[in-house]
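# Observations on the model geometry
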Amino acid sequence: MTETRDEIIRRSTKEDSYWRGVWRRLRANRMAMISLFILIIIILSCIIVPMASRYQTYEVIPGAANKAPSSQNILGTDKIGRDLFVRLFYGGRISLGVAVAVTAMECVIGIVLGSVAGYFGGIVDTVIMRLSEIFMCFPFLMICITLQTVFGKSIKTLIFILAVLSWPGIARIVRGQILSLREMDYMEACRALGISNRRQIFTHLFPNVLAYVIVYATMSMASVILTETSLSFLGLGVSPPTPTWGNLIQEARNLMVLQNKWWYWIPPGVMIFLSILCFNILGDGLRDAIDPKMQK
Amino acid sequence: MKKGFKTALSSLLAVAVLAGCSGGNDGGNEGGEETPVAGDQILKFGTSGFEGVFNPILSDNVYDSYITALIFDGLVDVDGTGEYVPELATWELDEETKTVYTFTLRDGLTFSDGTPLTANDVAYTYNTIKEADYAGPRTAVGAAIADINVIDDKTIAFTMTDPSPANLQNFTYGILSEAYYAHDSFEALSALNDKPMGCGQFTLKGWAPKQYISVVPNPDYWDTDNIPAIEEFQMLEVSEDTLLGAMQNGQIDFCQPAAKLENVEGIEALPNAHLISYLANGYTFMCFNTTRPTLEQIEVRQALLYALDRRSFLMNEYGSLDLVALGMAPISKTSWAYPGDDELNAYEYDLDKANQMLDEAGWDQRDTDGVRMKDGVRMDLHWLVYTEASWPGTLSSMAYDSWKQIGVNLVVDMMDFNTVAHETMDAKPGEKNFDIYTMGFSLSIDPDPTGGLFDADAYSEGGFNASGWRDEHSQELIKAGLTEFDQEKRAEIYKEWAIIQNEQVPTAIVAYRSEIWAVNNRVHGLDDIGVYTDFTELLGKVTLD
Amino acid sequence: MKNYTIRRLLQIIPVFLGILFILFFIIDKAPGSITSNIMDPRMTPELKAALQAKLDPKLPFYVKFWNWIVEALHGNFGWSAKHYKPVIQVIGENIGCTFALALAALVIAMLIGIPAGIISATKQYSLIDNFLTVFSLLGLALPTFFAGLLLLKVFAIDLQWLPIFGLTDPSKVNAGFWVRLGDHAYHLILPAIVLGLAETASFMRYTRSSMLEVIRSDYIRTARAKGLSEKVIIYKHAFRNAMIPIITLLGFRIPGLISGAVMTETIFSLPGVGKLSVEATTTRNYPLLLGINAMLTLATLLGTLVADLLYAAADPRIKYD
């Protein structure tokens, strides 16, 4: 079933206008646009601030340990005298980078396995679903400790572990959607027209589940940022001296610090909160914009 | 639409204000003294981590051991200066062999169920440790004792495997009742762990796993001067994160938070409690893998120490130099064997000196990243940092920055404590996969280093020395320290030994740490808590307002 | 449907064994051992090795796996050397608290999350929608330890309305059943809210997105055209169908709740299996770790099975054969 050149051109122009429509609809959603704007600012500052700052991320400023915010150090210094402002934004690079990488990986694995399972059903479905259960039931901590030792402790290993352990969620959602879509009229029509399995999955089913995937992916961005925070709590996150938002807010894990040293936890707290909030609102906006049924 | 965003911001601000404001008013009038718990003669200790193993020969957790110390008494005890003193028994050492200790029990000793405590119970306790299926933490005690000989109801002789001035530490463990603890299997013995019966100051009233332990005074305690006046002592499971909050509200009377700046400041800010601090019997150390080409030269190890601002580290981590002392030599600063600071090199922070030493040691080439090289080897160091405590992270983060300035590339590998121990001590020689690791040790009362970090014979699979450094003179001194029973002469031997270690630094002592306690002002009689005085020794005299 | 249920129940067995097998494999590769934490210089390598042989003998992992299965079939789940107790007893001492905590958190999350999701879906883009979105995200965006400490600070330390730590007041252990139950509930209020808050966001987000989907579908439009009242449409027709993805969510929240419970249990000083499993991991107490994981695995598998069955029951379009 090869496509003719004309068909390809026709399809790509159709896709063009489809995504243009998505963008148009998204632009109309002001909450989503504000979120997008904030996210872009956060991302840009994470890129620019560490380059522009007069302090280095790992630089210990002599005699400046534990200082409250001042004109010298806008967000104060940590307990060994590193500038918290530059560390906050450098930490953002790591935290956001890990979140993007993990989400991308888990979505690819999850969508492929979920749609294959949902579409083919039968033994394929059974095997993939049982596999997903195996992955869901793994003791997270033990896996973290073991894999980090076997593969060496690094950010790459962390991304790998998080992605491999979190794909079942998205796979199950994709499968569930496909299961119900499969029974719908237009899929019957596809089958009647003799359209190939692959094309059915990727041109007809996939766009229909995309809305769910987008919602899931934004939630996942948020949850990876949080997981990283929890892992720092248990000492299994990114190794110091590399800062991450999780490592930074971890410093406030003490009632006394929480009370007396707001500059330890409010900046990373605000960053974590803002990025999670914006990812979710943007995700909702995207979802509304992508799903043609959502048009007002 | 903008309103939504404003809502987001204002809810966030609300949280910030909530926490920020509440920070300001805690110095006010909400202390425990104004709101005493009604009619309460219960002393409450907050901690986390007890397991409920109330058997002196099985508990291997400091909190369980506090409880066994209250319920059981041992043959000997340690006084406030770190000397062994009689508890249930006096002893005599056979001067000729120096291996036979003969103990004579006090008169009129009984267990809390009224049955008499005899030499047979003592023998039974130590024989249980020596049983084949004994799977507890005291097997070293069993191995140290060669033979047990009950002479009469009140007299018992122990023959030790080797003569050693440190042998008395084997006799501090609580005595079990033969009749009560009779068992046919290790499981059967273990089943009595949460139904303890001893001859101590207290008896168990009740407990719930990971929640609380409650003990009440034993009215028939042999030491009538030390029958507690308090009605009850409770050990409550309180997370480290909330200890001081519970102190502030008077829900616990005392606790031992980690000796850190935040906690010191927190205790000092409490209106209803005060701080107790003292230098502990222990040290934190950093061990160099001297079998690595990067670390085999003394000059390199010394240079790394010169390039580490330990004084700033101590200030940053502990908040005050009153709380901690700069590490010098592998002998506790609280010990009679400590040589004195004048004899030792403190390796004061000096980057120029460090640079110069590395140049002289042949590490004078630099690669494109500015990292030093010698014979094609780059100065890359992996530091294993465990995450259960905060100080290794702080120290390694400081080293990351300052060593970079002398051309040393540090990679910090975080892992859990068990993994660090596995990679360093447990691994076979040659497979010990680290350059540097850090840990903290509590020490026994005797300064003997045999089998420990500095004993070259312990460089083995499962041995405690991971540095791989060996010096025959140092080994001879360790042996000499064990055959000499005169304390002054031993101190001379350990002084010479400490100076060698301080100069060669196969393992550097980072700091001698303090321990801190927060005690509610309503509690009287706990202020003598000190390096050799557990609070368990003081409960007989404690009174509560 | 009946056949499907039986088949799925039977499939649980190989999955369960598969997980355990992989677990034994991972444990075999994991660094450290139960004796690695012993830091007593008097414990010579020989003494340490002898103790290790008693506590956790060196055997190939498949042999250990087989032995474990055989013993487990006899009701023996191993010996927790650190507690000097059978594993089953240690878990028994801790499971109740975690179970109560997770259940309470789930109820809180559903009670807040689902109605909030419906309201924000029916009032899409309104002020209340935006407010609920931000509110639910607040629970999600605050790390658990952080939310826990903040609430503790306000409600337990400053206002002194709720306890700071523990599950029991030692003075009430001899009181009657209802007093003790009330005491436990009183101690669990804050932890359940903290754990529940983190879960609320998921429920709200999924309900909202699922409801939006359903509200705009043809049959709801038909229902509207028929002139049914908005209430009937939302709560009778839309709600039922919108719940389908939520049911799936319920099924696989079990592991998430347990791992979320780790931090809640730590901060609120509660005896629970979350904290216990971290301890078992850091001390390499493998019999205990295996026991906890076997139990959690089984709970998760049954949870997902129930979710799938409910899914099938709720969506008439899905056919199982």
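Scroll up a little and you will see the structure.
Basis of the calculations
- Residues numbered from 1 in each chain as written.
- Chains lettered and ligands numbered in written order.
- Predicted model: local features only at pLDDT ≥ 70, side-chain atom pairs only at ≥ 80, totals over all residues.
- Helix = DSSP H or I, 4+ residues; strand = E, 2+ residues; numbered from the N terminus.
- Rg over C-alpha atoms; globule rule 2.2 N^0.38 Å.
- Buried ≥ 20, exposed ≤ 12 C-beta atoms within 10 Å, placed from the backbone.
- Contact = placed C-beta atoms within 7 Å.
- Nonpolar A, V, L, I, M, F, W, Y, C, P; charged D, E, K, R; others polar.
- Pairing = 2+ DSSP bridges.
- Axes fitted to C-alpha atoms, helices over the stretch in contact; angles between N-to-C directions.
- Core = buried A, V, L, I, M, F, W, Y, C linked by C-beta atoms within 7 Å.
- Parallel < 35°, antiparallel > 145°, perpendicular 65-115°, else oblique.
- Left-handed = near helix turned anticlockwise from the far one by under 90°.
- Expected span 1.5 Å × (residues − 1).
- Bend = angle between axes of the 7 residues up to and from the residue.
- Right-handed = clockwise from strand over helix to strand, strands pointing away.

### Regarding the overall build of chain B
Counting secondary structure elements, chain B contains 14 helices and 23 strands. Here the C-alpha radius of gyration of chain B, 26 Å, is about what a compact globule of 545 residues would show, namely 24 Å. On the principal axes, the C-alpha backbone points of chain B span a range of 80 × 80 × 45 Å. Classification of the 545 residues of chain B by burial places 50% in the buried group. In chain B, 69% of the contacts between residues at least 6 apart in sequence involve partners at least 24 apart.

### Side note on the interface of chain A and chain C
Interface size is often expressed as the accessible area that is lost when the parts come together. Taken together, the contact between chain A and chain C spans 44 residues of the former and 42 residues of the latter. Elements that contribute at least two residues to the side of chain A that touches chain C include exactly α4 (122-137), α5 (140-150), α6 (155-182), α8 (197-233), α10 (255-260) and α11 (262-290) of chain A. Considering each element in turn, the side of chain A that touches chain C owes the most residues, eight residues, to α5 of chain A. Of the residues belonging to the side of chain A that touches chain C, the class tally is 28 nonpolar, nine polar and seven charged.

### What to know about the environment of Ser217 of chain C
Residues and elements named next belong to chain C. Structurally, Ser217 is set in the loop between α7 (177-215) and α8 (218-225). Taking the C-beta count within 10 Å as the criterion, Ser217 has 14 such neighbours and is therefore assigned partly exposed. Note: C-alpha distance between Ser217 and Leu140 (77 residues apart in sequence) is 30 Å.

### So, the interface of chain C and chain B
Listed by partner, the interface residues are 54 residues for chain C and 56 residues for chain B. Of the residues in the side of chain C that touches chain B, the class split is 31 nonpolar, 13 polar and ten charged.

### Focus: the sheet that holds strand β16 (residues 372-374) of chain B
Residues and elements named next belong to chain B. The strand order across the open sheet formed by three strands is β15-β16-β17, and the pairing between neighbours is antiparallel. In this open sheet, the two strands that pair with only one neighbour each are β15 (365-366) and β17 (377-378). The sheet contact formed by β15 and β16 spans two bridges and is antiparallel. Paired with Arg366 across the two strands is Arg372, which belongs to β16.

### Things to note about the sheet that holds strand β6 (residues 145-152) of chain B
Residues and elements named next belong to chain B. Spatially, the four strands line up as an open sheet ordered β4-β5-β7-β6, and their pairing is antiparallel. Each edge of the sheet is formed by a strand with only one pairing partner; in this case those strands are β4 (89-93) and β6. Ignoring which end each strand starts from, the neighbouring axes of this sheet average 20° apart. Packing against the sheet, helix α3 (residues 119-130) makes contact with β5 (100-105), β6 and β7 (155-160), and its axis sits at approximately 165° to β6.

### As for the nonpolar core
Among the nonpolar cores identified, the biggest contains 318 residues, and Val213 and Ile276 of chain A are the most heavily contacted of them. Those residues in contact with Ile276 of chain A, other than ones at most four positions away along the chain, are Ala222 and Ile225 of chain A together with Leu137, Leu140 and Ala141 of chain C.

### Focus on the packing of α4 of chain A against helix α1 (residues 2-29) of chain C
Angle between the axes and distance between the axes: these two values describe a pair of packed helices. Running from N to C, α4 of chain A and α1 of chain C point in directions that differ by 45°, and their axes come no closer than 10 Å. Classified by the interaxial angle, the pair formed by α4 of chain A and α1 of chain C is oblique. Where α4 of chain A crosses over α1 of chain C, the two elements pack in a sense that is right-handed. For the pair formed by α4 of chain A and α1 of chain C, the contact residues are Thr126, Arg130, Glu133, Ile134 and Cys137 of chain A on the first element and Gln11, Val15, Gly18 and Ile19 of chain C on the second. Here the residues of the contact of α4 of chain A with α1 of chain C sort into four nonpolar, three polar and two charged.

### What to know about helix α2 (residues 30-52) of chain A
Relative to the 33 Å expected for 23 residues at 1.5 Å per residue, α2 of chain A spans 31 Å between its end C-alpha atoms, a close match to the ideal helical length. Considering bend angle alone, the principal kink of α2 of chain A is centred on Ser45 of chain A and spans about 30°.

### Here's the deal with unusual backbone geometry
Located in the positive-phi region is Lys210 of chain B, a residue other than glycine, with phi close to 55°. Of note, Lys210 of chain B is situated in the loop between β8 (202-208) and β9 (212-217). On the basis of neighbour counts, which here come to 24 C-beta atoms within 10 Å, the residue Lys210 of chain B falls in the buried class. Its identity is not glycine, yet Tyr84 of chain C carries a phi of approximately 55°, on the positive side. Note on placement: Tyr84 of chain C falls in the loop between β1 (79-80) and β2 (85-86).

### Some points on the pairing of strand β18 (residues 380-386) of chain B
Residue and element names in this part refer to chain B. The buried count for β18 comes to five of seven residues, which makes it a mostly enclosed element. Note: β18 against strand β19 (residues 409-415), seven bridges, orientation parallel. Residue Asp380 lies in a different strand from β19, and its bridge partner there is Asn409. Traced from β18 through helix α11 (residues 391-404) to β19, the parallel crossover comes out right-handed. Relative to strand β20 (residues 436-442), β18 is paired through two bridges, and the arrangement is parallel. If you follow Leu384 over to β20, its bridge partner there is Tyr437.

### Quick look at the packing of α1 of chain C against helix α3 (residues 61-73) of chain C
Residues and elements named next belong to chain C. At their nearest, the axes of α1 and α3 sit 9 Å apart, and the two run at 135° to each other. As judged from the angle between their axes, α1 and α3 are oblique. In the packing of α1 onto α3, the handedness of the crossing is right-handed. Here Leu20, Phe21, Phe24, Phe25 and Asp28 of α1 lie close against α3, whose contacting residues are Phe61, Lys64 and Phe65. When the residues that make up the contact of α1 with α3 are grouped by side-chain class, the tally is six nonpolar, no polar and two charged.

### Some words on the environment of Ala269 of chain B
Its place among the elements puts Ala269 of chain B in helix α7 (residues 261-269). With 21 residues separating them along the chain, Ala269 of chain B and Gln248 of chain B place their C-alpha atoms 9.4 Å apart.

### Some details on the environment of Ile267 of chain C
Within the fold, Ile267 of chain C resides in helix α10 (residues 254-267). You can call Ile267 of chain C buried: it has 27 C-beta atoms within 10 Å. With 228 residues separating them in the primary sequence, Ile267 of chain C and Met39 of chain C have C-alpha atoms 28 Å apart. Each residue touching Ile267 of chain C, except ones within four places of it in the same chain, is listed here: Ser239, Asp241 and Thr242 of chain B together with Phe145, Gly148 and Leu149 of chain C.

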